[in-house]
Amino acid sequence: MISFTGVRSGNTLTNLTFRSENRVLCVANAAPEDIKELADLICIGKTPIEGSFECTNGKAVYISFKPGFFDCLNGRQILKTYSRVSCNGKSEPEFSDDDLLLDQRLENLGSFERAKVLLKVAGAMGAYFIFADSPAYGLNETESQEIISSVVSLAGNVIYTADCLSDAVKADDIAVISGGRVIFCGARNEIKSALEAEPVHLITVSGKQAEVKEKFSDENTLGIEEISGGFYKIKYRCGNEELGKLLSEIKKSGITLVSSVESSENRLREVLTKMAERDQVRRENQIVQEQSVSGPATLGIGDVTFAKEIPNMFENNDDCEEDDSQNADGESTLFSPENHKGGE
């Protein structure tokens with residue numbers, strides 16, 4: 001079980017509150033620094049600056065699907081080394097000897113083949129909790145749907161990150177992040193209503209209570225809160241055109257308009273719309289690619305430098321080379337117990 005309550009972590013994440021118990025959570029629209037702080041909290045167990053955090057039933061396993069993470073190793077080496085710091089200490093692969101993908105360095109694989117290797121590795125570790133970073137990275141729509149579907153069945157609890165709406169809605173719960181803040185956290189069936197709803201505005205006025213309640217008595221009024229004597233904050237749902245008419249009527253009614261600002265709910269709608277647009281772009285790119293290219297593009301380790309930005313879960317993992325990551329027996333020591341230290 002993973003539980004956050006009112007957490008403010010480091011310099012980015014604020015207002016982070018969710019509970020995951022045998023559920024899949026998608027962290028949508030997160031920036032790299034947000035993902036790093038989440039991984040620090042979940043996989044290293046650092047103490048948040050405010051609020052509370054709880055992780056039970058063993059350690060969580062972090063695995064990134066972006067190029068740069070484990071690219072200097074092949075699948076079998078990853079399994080041997082990474083399993084030493086997993087929650088159950090499993091060390092033997094459960095793959096057939098004819099699985100050739102496991103014997104290739106990840107940097108030599110295309111995005112789809114690379115993702116499939118990491119899925120096998122993550123699944124074989126038998127972890128109770130898995131944090132999968134960007135499992136759809138570099139994939140087209142068809143490939144991403146296959147990989148995301150596999151990710152959600154990896155463990156009892158899974159957190160994964162996504163930028164496209166169709167990837168996010170495969171999770172039980174979705175936490176949408178914008179500007180370092182969690183602007184929404186709820187069940188996936190709430191996302192559709194958030195997309196279809198009219199914008200919400202916060203209108204502050206001053207006047208007599210009876211006049212204010214009479215003016216804001218229709219079904220679009222979501223709430224009226226008295227801030228102080230004679231000042232009221234109204235949560236009102238309407239389009240921008242209707243809002244202009246409403247503000248004009250307020251000024252004529254004798255009620256004093258103090259301010260009118262958009263609610264954070266509008267930001268959620270904007271973010272979800274952009275995520276849906278990314279789906280469309282990916283879909284169009286796939287059509288073009290299928291018409292003009294015979295095979296998927298290959299991403300190498302030089303395309304993304306995410307390895308230098310991943311959470312500092314392990315020491316001495318910068319600039320890893322194959323020769324330096326093996327001991328005298330030919331086994332990788334990149335993530336040996338001596339190189340793995342948890343957070344304080």
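What counts and how
- Residues numbered from 1 in each chain as written.
- Predicted model: local features only at pLDDT ≥ 70, side-chain atom pairs only at ≥ 80, totals over all residues.
- Heavy atoms only, no water.
- Phe/Tyr/Trp six-rings, centres within 6.5 Å; stacked < 30°, edge-to-face > 60°.
- Helix = DSSP H or I, 4+ residues; strand = E, 2+ residues; numbered from the N terminus.
- Buried < 20%, exposed > 50% of the residue type's maximum accessible area, 1.4 Å probe, protein only.
- Polar contact = N/O pair within 3.5 Å; in protein donor to acceptor, adjacent residues only side chain to side chain.
- Pairing = 2+ DSSP bridges.
- pLDDT = per-residue confidence, 0-100.
- Contact = heavy atoms within 4.5 Å.
- Axes fitted to C-alpha atoms, helices over the stretch in contact; angles between N-to-C directions.

J.: An account of the packing of aromatic side chains is needed here, citing residue identities and associated values.
T.: Using the criterion set out here, one finds six aromatic pairs in the structure. Aromatic side chains Phe4 and Phe18 sit 4.7 Å apart centroid to centroid with 50° between the ring planes, which places their arrangement in the tilted category. Here Phe18 lies in strand S2 (residues 16-20) and Phe4 lies in strand S1 (residues 2-8), a separation of 14 residues in the sequence. Judged by relative accessible area, Phe4 falls into the buried class, the value being 1%. Classification of Phe18 as buried rests on a relative accessible area of 7%. Judged by centre distance (5.9 Å) and plane angle (75°), the rings of Phe216 and Tyr236 are edge-to-face. With Phe216 in the loop between helix H7 (209-215) and strand S11 (221-228) and Tyr236 in strand S12 (residues 231-237), the pair connects residues that are 20 residues apart, well separated along the chain. With respect to class, Phe216 is no different from Tyr236; both count as buried. Feature note: the residues Tyr62, Phe69, Phe70 and Phe131 constitute an aromatic cluster, connected by ring pairs.

J.: Tell me about the environment of Ser253, and please be specific about residues and values.
T.: Mapped onto the secondary structure, Ser253 falls in the loop between helix H8 (240-252) and strand S13 (256-262). From its side chain, Ser253 meets the backbone nitrogen of Ile255 in a polar contact 3.5 Å long.

J.: Explain the pairing of S12 to me, using residue names and the numbers behind them.
T.: Burial along S12 is one-sided: Tyr232, Ile234 and Tyr236 are buried, while Phe231, Lys233, Lys235 and Arg237, pointing the other way, are not. Where strand S10 (residues 200-206) and S12 come together, seven bridges link them in antiparallel fashion. Bridging across to S12, Ser206 finds its partner in Phe231. Pairing analysis gives six bridges linking S11 to S12, with the strands arranged antiparallel. In the strand pairing of S12, Thr221 is matched with Tyr236. Hairpin connection, S11 to S12: the antiparallel pair is bridged by two residues, and Gly230 has positive phi, about 85°.

J.: Describe in detail the confidence of the model for the protein, supporting the description with residues and values.
T.: Detail in the predicted coordinates should be disregarded across regions flagged by low pLDDT. Confidence in the prediction of the protein, expressed as mean pLDDT, is 79, and 80% of residues score 70 or more. Every residue in residues 297-344 is under pLDDT 50, and counting partners more than four places away or in other chains gives 95 contacts.

J.: A description of helix H2 (residues 75-82) should follow, citing residues and the corresponding values.
T.: Within H2, seven of the eight residues are buried, which leaves it mostly tucked inside the rest of the structure. Among the residues making up H2, those that are buried are Gly75, Arg76, Gln77, Ile78, Leu79, Thr81 and Tyr82. Contacts made by the buried residues of H2 are with strand S5 (60-64) and helix H3 (111-124).

J.: Give me the lowdown on the sheet that holds S1, citing residues and values where you can.
T.: Strand order in the open sheet formed by three strands is S2-S1-S4, and the pairing between neighbours is antiparallel. Two strands close off the open sheet at either side, each with one partner strand: S2 and strand S4 (50-55). The sheet shows a mean angle of 10° between the axes of neighbouring strands, taken without regard to direction. Sheet topology note: the S1/S2 ladder contains four bridges and is antiparallel.

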